Amino acid sequence: DTGVSQNPRHKITKRGQNVTFRCDPISEHNRLYWYRQTLGQGPEFLTYFQNEAQLEKSRLLSDRFSAERPKGSFSTLEIQRTEQGDSAMYLCASSLAIRWNEQFFGPGTRLTVL
Amino acid sequence: EDQVTQSPEALRLQEGESSSLNCSYTVSGLRGLFWYRQDPGKGPEFLFTLYSAGEEKEKERLKATLTKKESFLHITAPKPEDSATYLCAVQAEGGSEKLVFGKGTKLTVNP
């Protein structure tokens, strides 16, 4: 499978715990994006990387959220001190910088905060 | 602020019954308008990008059109496998790479 992969697919945690998600983009893609989607809504942009540089962050990305892409390949999204309002599907997408108009999404990680 | 509104929220069609989905948008300057398909529990699947008013793109039973204020996704003779949520998104000029999505239209095609 050469698409975007995300792990885990599902995560259940208790309020106050930290969680980390991983995204592996399509191998040659140098751009990687994180979005969050709640039930009945479209995806909301969180942040994006070009190679290892984090170039844009949404105001939605509070200081409890941090994303990294240390070697310009896979990325991790960590949420500290989770709250019930963090329950959502976290989507990762990737693209080539020269083909910015085609963002390919992974299957997502569904987070449930109890 | 960039905004996307999709209508209807839900649409139920009989197999073979053609229809259109609407996406109205406001954006400071349009860099691109995107259509995605999303199946339950899965990530969005890229369909089309449109760039300027008057542009049209087709893929199988789907045809997307663009005006200065809205885009339509026309579905011709739909089949049950076309059932999904269709998402519209815009990207603005000015350097931001984010896509701003609408809430989607949930399409159900009955056999």
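For the structure, see preceding data.
It should be emphasised that the depicted structure is a prediction, and the values quoted were computed from it without experimental measurement.

### Overview of the layout of surface pockets
Roughly 1200 Å³ of internal volume is contained in the largest pocket. The wall of the largest pocket is formed by 44 residues, among which Q41(A), G42(A), P43(A), G102(B) and K103(B) lie closest to the centre. Those elements that place two or more of their residues in the lining of the largest pocket are strand 5 (44–50) and strand 6 (53–57) of chain A together with strand 1 (3–7), strand 9 (84–92), strand 10 (100–101) and strand 11 (105–110) of chain B. Among the elements that line the lining of the largest pocket, the one with the most residues is strand 1 of chain B, at four residues. Among the residues forming the lining of the largest pocket, the class breakdown is 14 nonpolar, 17 polar and 13 charged.

### A closer look at the state of the cysteines
Covalent bonding between the sulfur atoms of two cysteines defines a disulfide. Inspection of the entire model under this criterion finds two disulfides over all chains. For C23(A), the disulfide goes to C92(A), at an S-S distance of 1.8 Å. Taking the torsion about the sulfur-sulfur bond, which here is approximately -65°, the covalent link between C23(A) and C92(A) counts as left-handed. With a gap of 69 residues between them, C23(A) in strand 3 (residues 19–24) and C92(A) in strand 9 (residues 88–95) connect regions that are remote in the sequence. The pair C23(A) / C92(A) is uniform in exposure class, with both members buried. Here C23(B) connects covalently by a disulfide to C88(B), the sulfurs 2.0 Å from one another. Here the S-S torsion is close to -65°, and the disulfide linking C23(B) with C88(B) is therefore left-handed. One end of the pair, C23(B), is in strand 3 (residues 19–26); the other, C88(B), is in strand 9, and 65 residues separate them in sequence.

Cut-off values and rules
- Residues numbered from 1 in each chain as written.
- Chains lettered and ligands numbered in written order.
- Predicted model: local features only at pLDDT ≥ 70, side-chain atom pairs only at ≥ 80, totals over all residues.
- Heavy atoms only, no water.
- 1 Å grid on protein atoms, 1.4 Å probe; cavity = no way out; pocket = protein on both sides within 12 Å on 5 of 7 lines; lining within 4 Å.
- Points joined across faces, edges and corners; volume = space filled by probe spheres on them.
- Helix = DSSP H or I, 4+ residues; strand = E, 2+ residues; numbered from the N terminus.
- Nonpolar A, V, L, I, M, F, W, Y, C, P; charged D, E, K, R; others polar.
- Disulfide = S-S within 2.5 Å.
- Buried < 20%, exposed > 50% of the residue type's maximum accessible area, 1.4 Å probe, protein only.

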